[in-house]
Amino acid sequence: MKYTTALYDLDGTLLNFNLAERQGFFESFEKHEIPCNEAIYQRYSLINDGLWKAFERGEISKEAIGYRRFAILFEEYGIDADYTACADTYKALLAKKGILYDGAVEHLKKLKSKGVKLYAVTNGTQHIQHSRLRVSGLDKLFLGTFVSEETGYQKPDKEYFDFVFANIEEKDKSKIIIIGDSATSDIKGGINAGIDTCYFASKPNSLVEPTYITDSYGEIEKIILGE
């Protein structure tokens, strides 16, 4: 076994956040009887992505993102409705949507059966992420979950990874790997923390140089197990 410990990002790696986000967004607008279309949703996605990137850079708090993204959207489209109520509904709906990628559970079960210690590492909102882990059943496969709100830091901060390292069994960094779909959060964070990285993507990203790159769970298994 090449790695005894695997740190897994959740959204975009094991959980299909894009689908969960889309469903939650349209359902929240429908619940509040606000007209919605694809263009509004696509604009929301861009606003949301930009705010999360700002969070990674330490420019905005996670608490502010939840309402700010809807405030910006409602202002741009002139939507005359309570954006805070819509945002609250969206978060409540999202917490119930632990939508897995095909093969994600089987992948983790295989690694766990081989003795690999699995942990979840996420910048998501504490309540929402823990709820989605329970809904998906992933909570039963991880030895621990590290949500940025609970650690006081976020990926890619070195302090976030220092917190993780202090609370897992493996102390040899050469035996630890992080798997994630974000170049700026997971991969950059892993590199800064001095551990190997697996970029869960179909093509390289010029921002980082991960140890490995693949979008196949089977390939990840071979990497971790040293097959």
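In short, a report on the structure.

Conventions we followed
- Counting restarts for each chain: residues are numbered from 1 in the order of the written sequence.
- Only residues with pLDDT of 70 or above have their local features reported here, since the model is predicted, and side-chain atom pairs are shown and tallied only from 80 upward, although totals for entire chains, interfaces and linings are computed over all residues.
- Heavy atoms throughout the structure, all of them, feed into the side-chain values; hydrogens and water do not.
- Each helix is a run of H or I in the DSSP string that is no shorter than four residues. Each strand is a run of E no shorter than two, and both are numbered from the N terminus.
- For a compact globule the rule gives 2.2 Å times the number of residues to the power 0.38, and the radius of gyration it is set against comes from C-alpha atoms.
- Exposure is judged per residue with a 1.4 Å probe applied to protein chains only, and the accessible area is read against the type maximum: over 50% gives exposed, under 20% gives buried, and values in between give partly exposed.
- By the convention used here, residues are in contact when the closest approach between their heavy atoms is within 4.5 Å.
- Under the convention used here, a 1.4 Å probe and the Shrake-Rupley method define accessible areas, while residue burial counts only the protein chains that appear.
- Counted as positive: Lys and Arg. Counted as negative: Asp and Glu, with His and the chain ends omitted from the count.
- In plain terms, the charge of a residue is placed at NZ if it is Lys, CZ if Arg, CG if Asp and CD if Glu.
- Any pair of Phe, Tyr and Trp rings, taking the six-membered ring for Trp, is counted once the centres come within 6.5 Å. Such a pair is stacked with planes under 30 degrees apart, edge-to-face with planes over 60 apart, and tilted for the rest.
- The definition of a polar contact used here is a pair of N or O atoms within 3.5 Å, where within protein one atom must be able to donate a hydrogen and the other to accept one, and adjacent residues in sequence count solely through side-chain atom pairs.
- Any two cysteine sulfur atoms lying within 2.5 Å of each other are counted as a disulfide.
- DSSP-based pairing: two strands are paired if at least 2 bridges between them are found.
- To get an axis, a line is fitted to the C-alpha atoms, and for a helix only the part in contact is used. The angle between two axes follows their N-to-C directions and goes from 0 to 180 degrees.
- Orienting the strands away from the viewer, one traces the path from the first strand over the helix to the second; a clockwise path indicates a right-handed crossover.

### What to know about the overall build of the chain
Point 1. Helix and strand content of the chain: 10 helices and 6 strands.
Point 2. For the chain, the C-alpha radius of gyration of 18 Å lies close to 17 Å, the compact-globule estimate for 227 residues.
Point 3. Taken over the C-alpha atoms alone, the chain extends approximately 55 × 35 × 30 Å along its principal axes.
Point 4. Put simply, the chain has 227 residues, and 52% of those count as buried.
Point 5. By sequence separation, contacts in the chain at least 24 residues apart represent 64% of the contacts at least 6 residues apart.
Point 6. Of the accessible surface of the chain, which amounts to about 10,600 Å², a share of 49% is contributed by carbon and sulfur atoms.
Point 7. Taken together, the 28 basic and 35 acidic charged side chains of the chain have centroids lying 4 Å from each other.

### Considerations on the environment of valine 121
Point 1. Assignment of secondary structure puts valine 121 in strand β2 (residues 117-122).
Point 2. In sequence terms valine 121 and phenylalanine 146 are 25 residues apart; their C-alpha atoms lie 4.9 Å from each other.
Point 3. Excluding its chain neighbours within four sequence positions, the residues that come into contact with valine 121 are Leu7, Tyr8, Asp9, Leu10, Phe146, Lys155, Tyr160, Val164 and Ile178.

### Some words on the packing of aromatic side chains
Point 1. Within the structure shown, the criterion is met by 18 aromatic pairs.
Point 2. With a centroid separation of 5.2 Å and 45° between ring planes, the pair formed by tyrosine 44 and phenylalanine 70 is classed as tilted. Here tyrosine 44 is found in helix α2 (residues 38-56), whereas its partner phenylalanine 70 is found in helix α3 (residues 62-77), with 26 residues between them in sequence.
Point 3. On the basis of relative accessibility, which here comes to 0%, the residue tyrosine 44 falls in the buried class.
Point 4. On the basis of relative accessibility, which here comes to 0%, the residue phenylalanine 70 falls in the buried class.
Point 5. Pairwise contacts between aromatic rings join Phe25, Phe26, Phe29, Tyr41, Tyr44, Phe70, Phe74 and Tyr90 into one cluster.

### Looking at the side chain of arginine 132
Point 1. Inspection of the secondary structure puts arginine 132 in helix α6 (residues 126-136).
Point 2. What makes arginine 132 buried here is its relative accessible area of 0%.
Point 3. Of note is the side chain of arginine 132, whose polar atom sits 3.1 Å from the backbone oxygen of lysine 97.
Point 4. Not counting residues up to four positions away in its chain, the partners in contact with arginine 132 are Asp11, Leu15, Phe17, Ala20, Leu94, Ala95, Lys97 and Gly98.

### Concerning the state of the cysteines
Here a disulfide denotes one covalent bond, and it connects the sulfur atoms of two cysteines.
Point 1. Considering all chains together, one arrives at 0 disulfides under this definition.
Point 2. Here cysteine 86 stays unpaired: no disulfide links it, and the sulfur of cysteine 36, its closest cysteine neighbor, is 8.3 Å away.
Point 3. A relative accessible area of 0% places cysteine 86 in the buried class.

### A short note on α6
Point 1. Turning to α6, its buried residues number three or more, namely Ile128, Gln129, Ser131, Arg132, Leu133 and Ser136.
Point 2. In this structure, the buried residues of α6 make contact with α1 (17-31), α4 (83-94), β2 and β3 (144-147).
Point 3. Positive backbone phi, at 90°, marks glycine 137, one or two positions downstream of α6.

### Notes on the sheet that holds strand β6 (residues 212-214)
Strand pairing in a sheet relies on backbone hydrogen bonds. The paired strands run either parallel or antiparallel.
Point 1. The strand order β3-β2-β1-β4-β5-β6 describes an open sheet built from 6 strands, whose pairing is parallel. With partners counted over all chains shown, the strands left at the sheet margins are β3 and β6, one partner each. Between one strand axis and the next, the sheet turns through 20° on average, direction left out of account.
Point 2. In the sheet, strand β5 (residues 196-200) pairs with β6 via 3 bridges, with the strands oriented parallel. Across the sheet, residue phenylalanine 200 finds its bridge partner in β6, namely threonine 214.

### Description of the pairing of β3
Point 1. In the sheet, β2 pairs with β3 via 4 bridges, with the strands oriented parallel. Directly across from threonine 122, in β3, lies its bridge partner valine 147.
Point 2. A crossover connection joins β2 to the parallel β3 through α6; in handedness this β-α-β unit is right-handed.

### Focus: the pairing of β2
Point 1. Burial within β2 is extensive, with 5 of its 6 residues counted as buried.
Point 2. Pairing of strand β1 (residues 5-8) with β2 involves 4 bridges; the strand directions are parallel. Bridging across to β2, tyrosine 8 finds its partner in alanine 120.

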